[in-house]
Structures are given as C-alpha cells and as structure tokens.
Amino acid sequence: MSALEIVHYPHPALRWKSKPIQRIDSELRKTVAAMFELMYEFKGIGLAANQVALPYRLFIVNPTGDPDEKDQEIVFINPEISQRKGSIEGEEGCLSLPDVYGQVRRASDIVVDAFDLSGQGFQCTLDDLPGRVVQHEFDHLEGVMFFDRMQPDGVSEIQAKIDDFEHVFRQSQKAGDTPSDEELKKRLKALEH
Ligand code: ZN
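Bear in mind that the values here come from a model prediction, so they are computed numbers and not experimental data. (Residues numbered from 1 in each chain as written. Predicted model: local features only at pLDDT ≥ 70, side-chain atom pairs only at ≥ 80, totals over all residues. Heavy atoms only, no water.)

> I would appreciate a short explanation of the pairing of strand β2 (residues 58–61) in the present structure.
Every second residue of β2 is oriented toward a common face, with L58 and I60 on one face and F59 and V61 on the other, all of them buried. Of the strand pairs in this sheet, strand β1 (residues 46–48) and β2 are connected by three bridges, and their pairing is antiparallel. Along β2, the bridge assignment pairs G46 with V61. Pairing analysis gives four bridges linking β2 to strand β3 (residues 74–85), with the strands arranged antiparallel. Residue L58 lies in a different strand from β3, and its bridge partner there is I77. (Buried < 20%, exposed > 50% of the residue type's maximum accessible area, 1.4 Å probe, protein only. Helix = DSSP H or I, 4+ residues; strand = E, 2+ residues; numbered from the N terminus. Pairing = 2+ DSSP bridges.)

Following this line, the structure appears as structure tokens:
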C-alpha cells in the first residue's frame, strides 16, 4: 500500500458513503497506525478513513490530540450511533479543510456501538468534546462535511474559503497532479471489499 495522505475537500472520498469492514487483519492494523501518525502530525483529534481516501467504515479519535496519551485513543470500526440526546452548538474544524471553522449543532449525548481492532464489540456513552468528535467523524463515513450541518449564515461566512479549496483542487486536476474525479471514484470502488 502506498503512503497514506490526508485528502482535502472536494476530494470525492469525502462524499463517499463507506461500506462496512468485513475483516480486521494486520493490514488494517497497519492502516490504523498510519492514520494515528497522520492525525497527530496535523494536530487533529479525530480522523476518518474517508479522509485518507479509504472507503472503510472506520475512524480514530484521541480527544487530547496528544500522542503520549495512548490510553485516550479509540478506534471505531463499523460504528453505529444508537442514541442521540439533547442538542448543543460548538466550533468545529476538519483536517480535510484546514483552518476553516464553524459552529455546528450536534446531539449533546450519544451512545455508540462499534468494534475495536481485535474485533471485539464495545459500547460507549459520550458527551462534550468526545461526543462532538465522534459525530463529526461518523458523518465522514456517510460522506457528510461539517459545513453541511451549519446554519446558512455561518456557511456564507466561510464560503470563500471553501471555494478556495475547490479552486486549488480543480487546478491540481487540470495540471495533472491530481487524478480526475472519475478516476478517484474508480479507485475508491476498487478498494471496497
Ligand atoms: Zn473532518
């Protein structure tokens, strides 16, 4: 497998609805380790497989963002949010849209069911920052970006920045440095199990 990279909006992987993972093997464990490295390198607190152009239902979280706090790392494989309660607004950003921030309304309390890297099922109840991060990352698996959930006036404040990312991506495709959307979608399809 070639080195993983975080892809930026509007890479088609960010609009891809990921398929459940069928097998947890050493290859997947390597992928997860590489994702944690990337997440820490770019000062993130969560990263979804879609963000490294892999169409897998998987994301990782460390709400501290601190690579030394390994006990705060959680890997969510085939996650389901089984309960959502309350509602709270808070600021979010995304490693696929660096330096763009906006207010997003999320459930204040959630219950998540998922599998860990040993294939063991687990359930966790989350609120505050971990709850927000998990809802943000879960959205990535559905092809949803955080600004899709913002109020229209909030989106218009950051629209110019979003457009800049779109422009850079299309220029890179025109220059031949980035494959076409069609080619990128073909690769995503090929990676599905
Ligand atoms: Zn994100």
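> How should the packing of aromatic side chains be read in this particular structure?
The geometry of an aromatic ring pair is captured by the separation of the ring centres together with the interplanar angle, meaning the angle of the planes. A full pass over the atoms with the stated rule returns five aromatic pairs. Both rings, one in Y9 and one in F147, keep their centres 5.3 Å apart while their planes meet at 90°; by these two values the pair is edge-to-face. A residue pair is termed long-range when its members are at least 10 positions apart, and Y9 in the segment before α1 (26–41) and F147 in the loop between α2 (128–141) and α3 (152–174) qualify at 138 residues. For the pair formed by Y9 and F147, the shared burial category is buried. (Phe/Tyr/Trp six-rings, centres within 6.5 Å; stacked < 30°, edge-to-face > 60°.)

> Help me understand the coordination of the zinc ion in this model?
By definition of the ideal shapes, a tetrahedral metal site with four donors has angles of 109.5 degrees and an octahedral site with six donors has angles of 90 or 180 degrees. Here the zinc ion is held by the protein donor atoms C94 (SG), H136 (NE2) and H140 (NE2), which lie 2.0 to 2.3 Å from it. Mapped onto the sequence, the donors of the zinc ion take the spacing C-x41-H-x3-H. With a gap of 42 residues between them, C94 in strand β4 (residues 88–94) and H136 in helix α2 connect regions that are remote in the sequence. There is no split in this pair, since C94 and H136 are both buried. (Donors = N, O, S within 2.8 Å, 3.2 Å for Na, K, Ca; no water.)

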